[in-house]
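Secondary and tertiary structure notes
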Amino acid sequence: DRGAVEKLRRHLLEAPDLQVVRMRPFEVADRWGEDRMEALRLFLRAARAGALDLVWSVICPTCRVPSREASALSQVKSQVHCDTCGIGFGADLARSVEARFSVNPAVRPARRETYCIGGPANMPGIVAQLRLEPGETRKEAFSNKGELRIRCYQAPGIQPLSGMRVRVEAGGLRVEPGEADLLEVTNGLATEALVVVERETWREGAATAAMVTSIQDFRDLFPAEAVAPGEELGISSLAVLFTDLKGSTDLYRQLGDSQAFSFVQNHFRYLTEAVARNRGGVVKTMGDAVMATFARGRDAVAAALEMQRDWKAFRASRGQGELTLKIGIHQGPSIAINNAGMLDYFGTTVNTAARVQAQSQGDDIVVSRAVAEDPDARPLLERAGLAGETFRRTLKGLDGDHELTRVRIMKL
């Protein structure tokens, strides 16, 4: 959108230095009144053109301050140490790594200053800090407790905040049920304790690495961006979608290799467009199959519904009325790896998604229980006819029976 491009141009040239370094695209989009994903795509294209620098910030899960910054995904290590908190933690592309952007020095020099690491600009989520002497007890009332968490600089552990009594001990936070809408904290240490109450707002405004690396724009614009060879980066949640063509073997026999190959390539483009429109990206194609990833199960379901909804018209326009499309989706933790210089994924979640797709009969979508029970994805499935389609199967190479859900094309 040219209006958004002009906003970015003026912002880079006229905004104060602090507002053009380490920019979070979703926060900028909210200030501009623009769609978040469109703003992210704009920032990625600006980075590809050289106007912005893409930086991967590794966020400490405790203090929520960047512990490390990397100019390439290959520089992000699986284990990170936060010097401020004195703790080590595993880098998680969905929970602790986000994409931030700074104006390129060739466009405009901007000072990258770091002020007080605990200042309001760096710690906007902090609601209160309670300083307690040894043996002291404090009571505080807080609203919207489901969005808050409590931690202490002098003791390990983080707890979601609800009506509770908390005792700070050397081994961590000991929690007991307490009076509703009231937090009661006792310092059981021999030294002063600083207890922090903060909102879980970091991910609300974060373009997480799991999200950014999943979208098609990123994979097209930065095909060489991958984790370092031999490195494995965890992803706490990733939705994986597999497709396959049912009847493609007969297609090659009926049409010949050239025409059949042309249809398969067109079908790849058709699927890629549906994936891209729903915040996903195609990781690879294998024969007649596609593997795509999404940061959210809801987006994977939306892409699958679109694929099947328009498939009949697509195949008819190319004179192939008999071919059907098989789709399977699963979500869960995964591992990002370097596969011949490309970003790829492996693990049980990927294997399960492939096996779920094998249960598809064509003109349907099969999803795992994890997807069917996802509170964001479930409404889409219910509108498409979820009821009465649940079944159990043993999936090849995986232990136990798995509960699956089939959505048939006639209900879309």
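Structural notes, computed from the coordinates. (Residues numbered from 1 in each chain as written. Predicted model: local features only at pLDDT ≥ 70, side-chain atom pairs only at ≥ 80, totals over all residues. Heavy atoms only, no water.)

1. A few points about helix 9 (residues 348-358)
Definition in use: Note on exposure labels: buried denotes an accessible area under 20% of the residue type's maximum, exposed denotes more than 50%, and partly exposed covers the range between, all computed with a 1.4 Å probe on protein chains only. A helix here means a DSSP run of H or I that spans at least four residues, while a strand means a run of E at least two residues long, and both kinds are numbered starting from the N terminus. When we speak of the arc, we mean the arc of directions from the helix axis to the C-beta atoms. Whether two residues are in contact is decided by their heavy atoms, any of which lying within 4.5 Å being enough.
Residues of helix 9 that are buried: Thr349, Val350, Thr352, Ala353, Val356 and Gln357. Viewed along the axis of helix 9, the buried residues span an arc of 165°, placing them on a single side of the element. For helix 9, the secondary structure elements touched by its buried residues are strand 14 (233-246), strand 16 (289-294), strand 17 (324-339), strand 18 (342-346), strand 19 (364-368) and strand 21 (401-408).

2. Side note on the nonpolar core
Note the threshold: By nonpolar core we mean a set of buried residues, namely Ala, Val, Leu, Ile, Met, Phe, Trp, Tyr and Cys, connected to one another through side-chain atoms within 4.5 Å.
Among the nonpolar cores identified, the biggest contains 61 residues, and Leu40, Leu44, Trp56, Phe101 and Tyr345 are the most heavily contacted of them. Looking at this core, the element that brings in the most residues is helix 3 (residues 36-49), giving 7 residues. Core analysis: the second largest hydrophobic core is formed by 37 residues, Leu251, Val264, Phe268 and Ala303 among them.

3. So, the sheet that holds strand 13 (residues 193-199)
Going by this rule: Pairing between two strands is assigned when DSSP locates at least 2 bridges connecting them. Axis definition: a line fit to C-alpha positions, over the contact stretch in the case of helices; interaxial angles, taken between N-to-C directions, run 0 to 180 degrees.
Pairing is antiparallel across the open sheet formed by 4 strands, whose spatial order is 6-13-8-9. Looking along the sheet, the strands with just one partner apiece sit at the ends: strand 6 (126-132) and strand 9 (155-160). Going from strand to strand, the sheet's axes swing by 15° on average, the running direction of each strand aside. In this sheet, strand 9 lies alongside strand 8 (residues 148-152) in antiparallel orientation, the contact comprising 4 bridges. The residue bridging arginine 149 from the neighbouring strand is proline 160, located in strand 9.

4. Considerations on the packing of helix 6 (residues 248-255) against helix 7 (residues 257-277)
This is how the line gets drawn: These descriptions rest on fixed angle ranges, namely under 35 degrees for roughly parallel, over 145 for roughly antiparallel, 65 to 115 for roughly perpendicular, and the rest for oblique. Crossings are sorted by hand: turned counterclockwise from the far helix by less than a right angle, the near helix makes the crossing left-handed, and turned clockwise it makes it right-handed. Classification convention: Asp, Glu, Lys, Arg as charged; Ala, Val, Leu, Ile, Met, Phe, Trp, Tyr, Cys, Pro as nonpolar; all other residues, Gly among them, as polar.
One way to put it is that helix 6 packs onto helix 7 with a least axis distance of 6 Å and a crossing angle of 135°. As far as their axial angle goes, helix 7 and helix 6 are oblique. Taken as a pair, helix 6 and helix 7 cross one another with a handedness that is right-handed. Two secondary-structure elements touch here, helix 6 through Leu251, Tyr252 and Leu255 and helix 7 through Asp257, Gln259, Ala260, Phe261, Phe263 and Val264. Looking at the contact of helix 6 with helix 7, its residues break down into 7 nonpolar, 1 polar and 1 charged.

5. Focus: the sheet that holds strand 1 (residues 52-59)
The strand order across the open sheet formed by 3 strands is 2-1-5, and the pairing between neighbours is antiparallel. The sheet terminates laterally at strand 2 (66-70) and strand 5 (97-103), the two strands that pair on one side only. The average angle at which neighbouring strand axes cross in this sheet is 35°, direction not considered. For strand 1 and strand 5, the ladder comprises 7 bridges, and the chain directions are antiparallel. Bridged to valine 58 within strand 5 is valine 97.

6. Here we look at the pairing of strand 16
When you tally the buried positions in strand 16, you get 6 out of 6 residues, the bulk of the element. Here 5 bridges tie strand 14 to strand 16, and the two strands are oriented antiparallel to one another. Within strand 16, the residue paired with valine 240 across the bridge is threonine 293. Taking the residues that link successive antiparallel strands as the turn, the strand 15 (residues 280-286)-strand 16 hairpin has 2 residues, and the phi of glycine 287 there is positive, at about 65°.

7. So, the side chain of asparagine 278
Following the sequence through the fold, asparagine 278 ends up in the loop between helix 7 and strand 15. On the basis of relative accessibility, which here comes to 12%, the residue asparagine 278 falls in the buried class. Setting aside anything within four residues of it in sequence, one finds asparagine 278 in contact with Phe294, Asp299, Ala302, Ala303 and Glu306.

8. Here we look at the environment of leucine 343
Within the fold, leucine 343 resides in strand 18. By relative accessible area, leucine 343 is classed as buried at 3%. As for leucine 343 and proline 223, which are separated by 120 residues in sequence, their C-alpha atoms are 8.1 Å apart. Look past the residues within four positions of leucine 343 in its chain and what remains in contact with it is Leu73, Thr213, Arg219, Glu225, Ala226, Val227, Val283, Ala336 and Ile337.

Functional significance is not addressed by these values, which are geometric in nature.
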